[in-house]
Amino acid sequence: MRCFLLLIPALLCLCSCDDKSTAPPAAPEKTPAELVDSPGFNGHNAYAHCAAICKLGPRYSGSAAYEQQLCYLEKHLHAAGWQTARDSFAAPNGVKMCNLRAFRSTSPSPLLLSCHIDTKTGIAPDFESADDGASGAAVLLELARVLSHEQVELVFLDGEESFAPRMSETDGLYGSKFDAARRGSTLPRWQINLDMVGGRNKTMAIPSLDTSDFMYAQYTAAVRALGLSEEKWTVWPGAYLDDHVPYLEAGVDSLNLIAVFSGSNWWHTPKDNMSRICPRSLHESGLMTLQLVNQLLNAGAADAR
Ligand SMILES: [Zn+2]
């Protein structure tokens, strides 16, 4: 991930996750030993998935831990009734990569939910990359349990991270570039990308320069509908290089749900571990995504009438 900062955002409020309206059902605040059966999205389940993924160790492209992560995701997606497909490819330097897609219908879906599941190489042997990667996968996996729409497809992307220390136009986003190109003319109408969505004190900041007026209206409507803090769910006055960009450039109306990370002391360091992750934060991100899914599919249904 690389950000193009145009202005310092005015609202960098490090609030705690205390919105009562979006609190997950009562459960222990610490890691739950097992997943719980819950009628709706449950942040504690997302937390358990995040912890299980981090326990695999660094999940860089082509590694054994990356393969184990794919198996973990497939197991839970299949249990929730989703079909899956692996799309294998190679980066220009020959590193093997693999995106994982999940769908309930083989017909093209109007809405794509995405996250990246690779971790940056060369950080540390115990690098968990809990927020930068695992948090998005954890939210999508818990969403898969409660999401029955056939109009939604999930994609867990490889190769978001660059091989060089910093991402560039030509190094990074390998999985999303591959997937957007692979779809040819059958692109989704909308995409929501999740990245760094589980931090304990996160401030979400969608990139204003990458967000259409329509998507901005959907985002602000969802924030209001859920009673979330407008100081914690805000807008970054710039653009990001992230997995929404290849779809955006292909004509998809995309929304990148991402927390402020630039200037932090944890991003791409061993400090990005489970101690940063908060069930309630994951819960908020899950509810926000669900709200957006419902709004977008309703908008699509209204257009069809
Ligand atoms: Zn990263």
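Our structure's up above, just so we're on the same page.
Now for a description of the structure that goes with this document. (Residues numbered from 1 in each chain as written. Predicted model: local features only at pLDDT ≥ 70, side-chain atom pairs only at ≥ 80, totals over all residues. Heavy atoms only, no water.)

**Examining the nonpolar core**
In globular proteins that are soluble, nonpolar side chains generally tend to be buried together. In this structure, Leu-77, Leu-113, Phe-156, Leu-257 and Met-288 are the most contacted members of the largest nonpolar core, which totals 68 residues. Of all the elements, helix α3 (residues 130-146) adds the most residues to this core, at nine residues. The residues touching Leu-77, leaving out its near neighbours within four places in the chain, are Trp-82, Thr-84, Leu-100, Ala-102, Leu-141, Ala-144, Leu-154 and Phe-156. The next biggest cluster of nonpolar side chains, apart from the first, holds six residues, and it includes Leu-112, Val-155, Ala-180 and Val-252. (Core = buried A, V, L, I, M, F, W, Y, C linked by side-chain atoms within 4.5 Å. Buried < 20%, exposed > 50% of the residue type's maximum accessible area, 1.4 Å probe, protein only. Helix = DSSP H or I, 4+ residues; strand = E, 2+ residues; numbered from the N terminus. Contact = heavy atoms within 4.5 Å.)

**Here's the deal with the layout of surface pockets**
In this structure, the second largest pocket occupies an estimated 180 Å³ of space. Around the second largest pocket, the lining comprises 15 residues; the ones closest to its centre are Arg-101, Ser-107, Pro-108, Glu-153 and Arg-183. At the level of elements, β3 (96-103) and β4 (111-116) are the ones that each hand at least two residues to the lining of the second largest pocket. Taken together, the residues of the lining of the second largest pocket sort by class into six nonpolar, five polar and four charged. (1 Å grid on protein atoms, 1.4 Å probe; cavity = no way out; pocket = protein on both sides within 12 Å on 5 of 7 lines; lining within 4 Å. Points joined across faces, edges and corners; volume = space filled by probe spheres on them. Nonpolar A, V, L, I, M, F, W, Y, C, P; charged D, E, K, R; others polar.)

**A few points about helix α2 (residues 64-79)**
The terminal C-alpha atoms of α2, which comprises 16 residues, lie 23 Å apart, in line with the 22 Å expected from a rise of 1.5 Å per residue. Within the sequence span of α2, burial applies to Ala-65, Tyr-66, Gln-69, Leu-70, Tyr-72, Leu-73, Glu-74, His-76 and Leu-77. Summarising the contacts, the buried residues of α2 are in contact with α1 (43-54), β2 (83-90), β3, α3 and β5 (152-157). Backbone geometry just downstream of α2 places Gly-81 in the positive-phi region, at approximately 90°. (Expected span 1.5 Å × (residues − 1).)

**Comments concerning the pattern of salt bridges**
In the structure shown here, the tally under the stated rule is 14 salt bridges. Here Asp-179 makes a salt bridge to Arg-183, at a shortest N to O gap of 2.7 Å. Assessed through its relative accessible area of 0%, Asp-179 is described here as buried. Here the residues in one salt-bridge network are Asp-87, Arg-101, Glu-153, Asp-179, Arg-182 and Arg-183, joined through shared partners. (Salt bridge = Lys/Arg side-chain N within 4 Å of Asp/Glu carboxyl O.)

**Considerations on the sheet that holds β2**
Spatially, six strands are ordered β2-β3-β5-β4-β6-β10 in an open sheet, and the strand pairing comes out mixed. Only two strands of the sheet have a single neighbouring strand rather than two, namely β2 and β10 (253-258). Between one strand axis and the next, the sheet turns through 20° on average, direction left out of account. The strands touched by helix α7 (residues 279-304) within the sheet are β4, β5, β6 (190-195) and β10, with β6 carrying the most contacts at an inclination of about 175°. (Pairing = 2+ DSSP bridges. Axes fitted to C-alpha atoms, helices over the stretch in contact; angles between N-to-C directions.)

**Points about the pairing of strand β7 (residues 204-207)**
Of the two faces of β7, the one lined by Met-204 and Ile-206 and the one lined by Ala-205 and Pro-207 are each fully buried. Where β7 meets strand β8 (residues 233-236), four bridges bridge the pair, whose relative direction is parallel. Its bridge partner lying in β8, Met-204 is registered against Trp-233. A crossover connection joins β7 to the parallel β8 through helix α5 (residues 213-226); in handedness this β-α-β unit is right-handed. (Right-handed = clockwise from strand over helix to strand, strands pointing away.)

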